[in-house]
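Examination of the molecular architecture
Residues per chain, in single letters:
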Amino acid sequence: MYRAAAVGGTGLMLNTMSAWGMGIESTMSAPPALSGSGKGKKVVILGAGLAGMTAAFELGKLGYQCQVLEARAFAGGRCQTARKGFALTELGGEEQRCQFDQGHYINHGPWRIPLHHQSTLHYTRLFEVPLEVMVNDNDHSIVYLENGGPLSKQRLRPAQIKADMRGHVAELLAKSVKAKQIDQALTEQDQRLLLDYLAHEGQLDAGDLRYKGRSGRGYAVNPGAGLMPGAGKESDPLGFKELLESKVGISTAPCRISPCRTPCSSRWAAWTRSRRRLKSASAKPSATAPRCRPYATAKTTWR
């Protein structure tokens with residue numbers, strides 16, 4: 001088990017445990033079979049979340065007369081979907097209103113149904129709920145900031161943002177080391193080793209330790225062969241100052257707290273990539289990216 005985790009991380013470890021019958025997933029592929037009759041009996045269920053509604057559905061099949069009480073104005077519990085015009089009032093009275101383009105949405109409660117939650121998937125099949133594959137992260141999607149400072153209204157890719165932030169930070173630290181501004185913490189040998197590492201990590205120019213871009217951020221003209229041969233043309237990096245002022249380079253990973261109210265445009269961009277469609281399977285995402293200023297000021301286009 002240790003070797004599986006060391007080679008493939010938690011994903012391989014969990015799949016290995018499942019193959020050995022030691023997994024943590026539910027062994028239920030459907031709800032338990034209920035017996036008896038509820039004819040003439042009444043049941044009050046507190047809460048119209050998924051558990052409450054499931055209980056009412058299953059008991060109703062046995063003839064129980066169920067009444068579900070919900071304190072809020074909507075059913076679904078933590079499951080909420082924000083579409084254009086959706087408004088949410090926080091406990092402190094602040095209202096957030098979704099301003100997506102028509103046809104776009106975000107599930108700002110649970111994002112996904114894990115593949116081993118077979119009992120939940122049973123109900124999606126039963127009620128014919130269309131499902132989408134959830135893409136956790138995609139470095140080649142599009143991040144678009146409506147109010148992102150110097151980088152507003154530009155089509156940016158997470159790969160570019162990550163590469164340029166790493167490069168600029170590596171350049172800044174490398175020049176500090178070379179100028180012996182942190183020599184009290186490092187020996188001369190340590191400085192050389194650190195400079196080698198930073199030059200490699202940030203793909204800095206060997207001469208002046210400047211960050212001038214890197215192939216990992218993508219190309220302005222892609223390398224080609226056959227009828228379109230050539231080494232390609234590397235794209236120009238985003239400016240360090242612009243990245244910092246736009247705040248898009250602070251974090252390009254999805255926030256792990258759900259629901260997230262942090263006005264972090266990069267998290268929003270990653271978050272909107274991780275959407276799951278719960279409406280008509282025939283509906284197609286439009287070419288126009290979503291906008292939702294209450295949560296943040298970014299919008300994402302999918303390709």
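Fair warning: this is a prediction, and the values are worked out from it, not measured in the lab. (Residues numbered from 1 in each chain as written. Predicted model: local features only at pLDDT ≥ 70, side-chain atom pairs only at ≥ 80, totals over all residues. Heavy atoms only, no water.)

Notes on helix H5 (residues 188–201)
Test applied: Starting at the N terminus, helices and strands are each numbered in turn, a helix being any DSSP run of H or I of at least four residues and a strand any DSSP run of E of at least two. Given the number of residues in a helix, its expected span is that number minus one, multiplied by 1.5 Å. We call a residue buried when its accessible area falls under 20% of the maximum for its residue type, exposed when it is over 50%, and partly exposed in between, using a 1.4 Å probe and counting protein chains only. Think of it as the arc spanned by the lines of direction from the helix axis to the C-beta atoms. Contacts were defined at the residue level, with two residues in contact if any of their heavy atoms lie within 4.5 Å.
In a regular helix each residue adds 1.5 Å, so 14 residues correspond to 20 Å; H5 covers 20 Å between its end C-alpha atoms and thus fits that length. For H5, the set of buried residues is Gln191, Leu195 and Leu198. Taken around the axis of H5, the buried residues stretch over an arc of 70°, which confines them to a single face. Across H5 from its buried face, at more than 90 degrees, point the exposed residues Leu193, Asp196 and His200. Elements that come into contact with the buried residues of H5 comprise helix H4 (158–178). Remark: Gln203 follows H5 within two positions and exhibits a positive phi of approximately 50°.

Considering the confidence of the model for the protein chain
Rules: Scored from 0 to 100, pLDDT records how confident the predictor is in each individual residue.
Model confidence for the protein chain is summarised by a mean pLDDT of 76, while 81% of its residues fall at 70 or above. Here strand S11 (residues 298–301) stands out as the element of the protein chain with the lowest mean pLDDT, 30, in contrast to strand S2 (residues 65–69), whose mean of 97 is the highest. Across residues 251–303, confidence stays below pLDDT 50; counting only partners more than four residues off in sequence or on other chains, it has 153 contacts.

So, the layout of surface pockets
Note the cut-off: Using a 1 Å grid laid over the protein atoms alone, points where a 1.4 Å probe fits but cannot get out form a cavity; open sets with protein on both sides within 12 Å along at least 5 of 7 lines form a pocket; any residue with an atom within 4 Å of a point counts as lining. Grid points are joined across faces, edges and corners, and a volume is the space filled by probe spheres set on the points. Gly is placed with the polar residues, together with every amino acid not listed as nonpolar (Ala, Val, Leu, Ile, Met, Phe, Trp, Tyr, Cys and Pro) or charged (Asp, Glu, Lys and Arg).
Counted as a void, the largest pocket has a volume near 840 Å³. Put simply, the parts of the chain that give the lining of the largest pocket at least two residues each are helix H2 (50–61), strand S3 (81–83) and helix H3 (118–126). For the lining of the largest pocket, the leading source of residues is H2, giving 5 residues. Class assignment of the residues belonging to the lining of the largest pocket gives a composition of 15 nonpolar, 11 polar and 4 charged. For the second largest pocket, the lining is made up of 14 residues, of which Leu14, Arg112, Pro114, Leu115 and His116 are closest to its centre.

Here we look at the packing of H4 against H5
Our working rule: To get an axis, fit a line to the C-alpha atoms, keeping to the stretch in contact for a helix; angles then go from 0 to 180 degrees between the N-to-C directions. An angle counts as roughly parallel when it lies under 35 degrees, as roughly antiparallel when it exceeds 145, as roughly perpendicular when it falls between 65 and 115, and as oblique in every other case. Should the near helix be turned anticlockwise from the far one by less than a right angle, the crossing is left-handed, and should it be turned clockwise, the crossing is right-handed.
The N-to-C vectors of H4 and H5 enclose an angle of 160°; their axes lie 9 Å apart at closest approach. It follows that H4 is roughly antiparallel to H5 by the angle criterion. With respect to the hand of their crossing, H4 and H5 are arranged in left-handed fashion. For the pair H4 and H5, contact is made by Arg166, Ala170, Leu173, Ala174, Val177 and Lys178 and by Gln191, Leu194, Leu195, Leu198 and Glu201, respectively. In the contact of H4 with H5, the residues fall into 7 nonpolar, 1 polar and 3 charged.

Thoughts on the pattern of salt bridges
The criterion, for reference: Within this document, salt bridges are pairs made up of a side-chain nitrogen of Lys or Arg and a carboxyl oxygen of Asp or Glu, the two lying within 4 Å of each other.
Per the stated rule, a full pass over the model turns up 10 salt bridges. Salt-bridge contacts for Arg72 lead to Glu70; the nearest nitrogen and oxygen are separated by 3.7 Å. According to the relative accessible area criterion, Arg72 is partly exposed, its value standing at 44%. Salt-bridge contacts for Arg166 lead to Glu201; the nearest nitrogen and oxygen are separated by 2.8 Å.

Considering the packing of aromatic side chains
Heads up, the condition is: Stacked, edge-to-face and tilted are the three classes for Phe, Tyr and Trp ring pairs, Trp counted by its six-membered ring, which pair at centre distances within 6.5 Å; planes under 30 degrees apart are stacked, over 60 edge-to-face, the rest tilted. The rule is short: NZ of Lys or CZ of Arg within 6 Å of the ring centre and within 35 degrees of the ring normal puts a charge over the ring.
Evaluation of the coordinates by the stated rule reveals 3 aromatic pairs. Ring centres of Phe57 and Phe127 lie 5.1 Å apart, and the angle between their planes is 70°; on these two criteria the pair is classed as edge-to-face. Within this pair, whereas Phe57 is found in helix H2, its partner Phe127 is found in the loop between H3 and strand S7 (142–145), the two being separated by 70 residues in sequence. The class of Phe127 is partly exposed, set by a relative accessible area of 47%. Ring pairs connect the aromatic residues Phe57, Tyr123 and Phe127, which therefore count as one cluster. The ring of Tyr105 carries the charged tip of Arg83 above its face, separated from the ring centre by 5.3 Å.

Re the side chain of Gln160
Structurally, Gln160 can be placed in helix H4. Relative accessible area serves as the criterion here: at 15%, Gln160 is assigned to the buried category.

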